[in-house]
Amino acid sequence: MEELKFKEKIKTGIYDMFYIWKQEFRQVFRDSGVLIFFFLVPLAYPLVYAFIYTNEVVRNVPAVVVDDSHTSLSREYIRKVDATPDIQIVSYCSDLQEAMQILKERDAYGVIYIPSDFSSSIQTGKQTQVSIYCDMSGLLYYKSMLLANTAVSLDMNQDIKIALSGNTTNRQDEITAYPIEYEDVAIFNPTNGFAAFLIPAVLILIIQQTLLLGIGLSAGTAREKNKFKDLVPINRHYHGTLRIVMGKGLCYFMIYSVICIYVLVVVPKLFKLNQIGMPGDLLLFLLPYLLACIFFSMTASIAIRNRETCMLIFVFTSVPLLFISGISWPGAAIPPFWEYFSYIFPSTFGINGFVRINNMGATLNEVSMEYKALWLQAGIYFISTCLVYRYQILMSRKHIINRYEELKTRREAVN
C-alpha cells in the first residue's frame, strides 16, 4: 500500500509538473509584455547593437591643425597625419582659441598643435613635441587621434635618426631605425575593433537581463491576477514546490535554448565576429549559465509586486553589470567590494567564460573556474527558488484558511 501510494505521488507530481509547464507556456504566449522580453528584444537588440558597431573602428575623425612652425617639416607631419585612415584634417587655424571654438561647435573632435620651435629644435638636435587635444566625450576619437599621431611621429623619428647618424650602408640604417625589431600583432582581435571586443559580452548579458525582465513581468502578472496577491495561484496542481519550480524552469529552458542559439551563434556569424571556440565546449558551458540565469530570475521575482516593478528594478542594472564583469572595465582596477558583489550575478562568470571560449579558443578545462562557479550558482539559486516558492505555497494556504475562517465566522454571526 505504501509503495502504491509513493508511486501515485510521483505520478501526480510529474503530471502536475507538465500541467504547470503547459500553463506557463500559455502565459508566455498570451502576454504581449513577456513576448517582447522573451522574443522581440533578444531577436532585435543584438542586431541593432551589432549593426551600430559593424564598422569595428572609427575612421576619418575630423581634426583641425594649429601650425605655429610653418616649415616644410611641420607640413610634412600634417600631410602624413592626414594620410592615415584614422584622421581627416578639416581646417587650419591661426591659434588655439579658434581651434577650440571649432571643437565646441562639434565640427571637429581633435586639435593638433605644432609649436613654433618644432623644426628648429630637431635641426639643432633637441627634443620637440606635438600636442593633441581631443573631445573626450568619445574615447574612440581619442584613440584615433593618439594612434595616428604616434604612428607618424615614429615614422618621422626613423627618418630623422637615419639622417643624423651618418651611416654608409642600408643595413646600418635599418639597425639605427630599429635596434630591436618588433611586430605588432593584435591577438584575438586582429582588426582592433570595438564590435569584436564588446558585442560577445553584450550578447551574454542580454540573455540574463531579458530572462530577468520576462520572468519578473510574468510574476507581476501572477500576483495581479491572484486574489491574495500571491505568486502561486490557487490551484490544486500548484501544491508542490518541486513541481512548480521544475515546470516553470522547463518552460523557460526550452524557450531560451532556441534564443541562445540565435543570439550566440547566428548573430556573430551574420556580422562575421570571431568564433574560434569548439561547439561542444561552448554548449557545455552555456548549460549551467542558462540554468543559473533562470533560477536567479525566478528567485529575484519574489521582489516583483506588479508588472511595472521589474522595469524599475532590473533595467538600470545592465550597464553596471557590464562594467563589473571585468570586460568593459579592467578587472584588476575594480575595487574588491564590487568584485565580490559581481559574483552574485551569473553574467560575471558567463561573460568571462564565453569570451575566452568563443573569442580566444579556450577549452572547458581552461575556464574551469567560471564553469564550476556557474554550476554552483545554478545549485544555489535552484535551492533559493524552491525556498521562495515553498514560502509562497504556505502563504497561499494561510490566506485560504484565513478566508475560510472569516466566512465561517460571518455565517455563524448571521445564524
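Going by the structure above, here's the rest.
Notes on the structure follow. (Residues numbered from 1 in each chain as written. Predicted model: local features only at pLDDT ≥ 70, side-chain atom pairs only at ≥ 80, totals over all residues. Heavy atoms only, no water.)

### Examining a nonpolar patch on the surface
Part 1 of the argument: On the surface, Val185, Ile187, Phe188, Ile276 and Met360 cluster together into a nonpolar patch covering about 490 Å² of accessible area.
Part 2 of the argument: Tracing the backbone through its elements, the reader meets Phe188 in the loop between helix H7 (170-177) and helix H8 (194-225). (Patch = residues over 30% accessible without salt bridge, like charges linked within 9 Å, V, L, I, M, F, W, Y side chains within 5 Å. Areas by Shrake-Rupley, 256 points an atom, 1.4 Å probe, with all protein chains shown as cover. Salt bridge = Lys/Arg side-chain N within 4 Å of Asp/Glu carboxyl O. Helix = DSSP H or I, 4+ residues; strand = E, 2+ residues; numbered from the N terminus.)

### Some points on the state of the cysteines
Part 1 of the argument: Under the defined criterion, the tally for this structure stands at zero disulfides.
Part 2 of the argument: Not engaged in a disulfide, the cysteine Cys93 finds its nearest cysteine sulfur in Cys134; these two sulfurs lie 15 Å apart.
Part 3 of the argument: No disulfide involves Cys251; its nearest neighbouring cysteine sulfur is the one of Cys260, lying 14 Å away.
Part 4 of the argument: The class for Cys251 is buried, based on a relative accessible area of 0%. (Disulfide = S-S within 2.5 Å. Buried < 20%, exposed > 50% of the residue type's maximum accessible area, 1.4 Å probe, protein only.)

### As for helix H2 (residues 32-52)
Part 1 of the argument: Maximal helix bending in H2 amounts to about 45°, located at Val41; proline Pro42 follows within four positions.
Part 2 of the argument: For H2, the set of buried residues is Gly33, Val34, Phe37, Phe38, Pro42, Pro46, Tyr49 and Ala50.
Part 3 of the argument: If you check the start of H2, you find a side-chain oxygen 2.9 Å away from the backbone N of Gly33, and it comes from Asp31. (Bend = angle between axes of the 7 residues up to and from the residue. Polar contact = N/O pair within 3.5 Å; in protein donor to acceptor, adjacent residues only side chain to side chain.)

### What to know about the packing of H8 against helix H10 (residues 279-300)
Part 1 of the argument: Packing of H8 against H10 brings their axes to within 9 Å, and their N-to-C directions diverge by 30°. It follows from the interaxial angle that H8 and H10 lie roughly parallel. Crossing handedness for the pair H8 and H10: right-handed. From H8, Ile204, Leu205, Ile207, Gln208, Leu211, Leu212 and Ile215 reach across to H10, where they touch Leu286, Tyr289, Leu290, Cys293, Ile294, Phe296, Ser297, Met298 and Ala300.
Part 2 of the argument: Grouping the amino acids of the contact of H8 with H10 by side-chain chemistry returns 14 nonpolar, two polar and no charged. (Axes fitted to C-alpha atoms, helices over the stretch in contact; angles between N-to-C directions. Parallel < 35°, antiparallel > 145°, perpendicular 65-115°, else oblique. Left-handed = near helix turned anticlockwise from the far one by under 90°. Contact = heavy atoms within 4.5 Å. Nonpolar A, V, L, I, M, F, W, Y, C, P; charged D, E, K, R; others polar.)

### Quick notes on the sheet that holds strand S3 (residues 110-114)
Part 1 of the argument: Judged by pairing direction, the sheet is mixed, and its four strands sit side by side in the order S2-S1-S3-S4 without closing on themselves. Single-partner strands in this sheet number two, and they are strand S2 (87-93) and strand S4 (131-134). On average, each strand axis in the sheet is inclined to that of its neighbour by 25°, with strand direction left out of account.
Part 2 of the argument: Pairing analysis gives six bridges linking strand S1 (residues 61-67) to S2, with the strands arranged parallel. (Pairing = 2+ DSSP bridges.)

### What about the environment of Arg75?
Part 1 of the argument: In this fold, Arg75 is placed in helix H3 (residues 72-83).
Part 2 of the argument: It is 9.8 Å that separates the C-alpha atoms of Arg75 and Ile114, two residues lying 39 residues apart in sequence.
Part 3 of the argument: With near-sequence residues (within four places) excluded, Arg75 lies in contact with Asp67 and His70.

### Here we look at the side chain of Gln209
Part 1 of the argument: Turning to its location among the elements, Gln209 is positioned in helix H8.
Part 2 of the argument: With relative accessibility at 6%, the residue Gln209 sits in the buried group.
Part 3 of the argument: Among the polar contacts listed, one links the side chain of Gln209 to the side chain of Thr317, at a separation of 2.9 Å.
Part 4 of the argument: The contacts of Gln209, once residues within four sequence positions are left out, are Phe314, Thr317, Ser318 and Leu321.

### Observations regarding the nonpolar core
Part 1 of the argument: Ranked by size, the top nonpolar core spans 79 residues in total, and within it Phe38, Leu211 and Tyr252 carry the most contacts.
Part 2 of the argument: With 16 residues, the single largest contributor to this core is H8.
Part 3 of the argument: Core analysis: the next-biggest nonpolar cluster, separate from the first, contains 19 residues, Val61, Ala63, Val81 and Cys134 among them. (Core = buried A, V, L, I, M, F, W, Y, C linked by side-chain atoms within 4.5 Å.)

Don't take any of this as a statement about function, it's just geometry.
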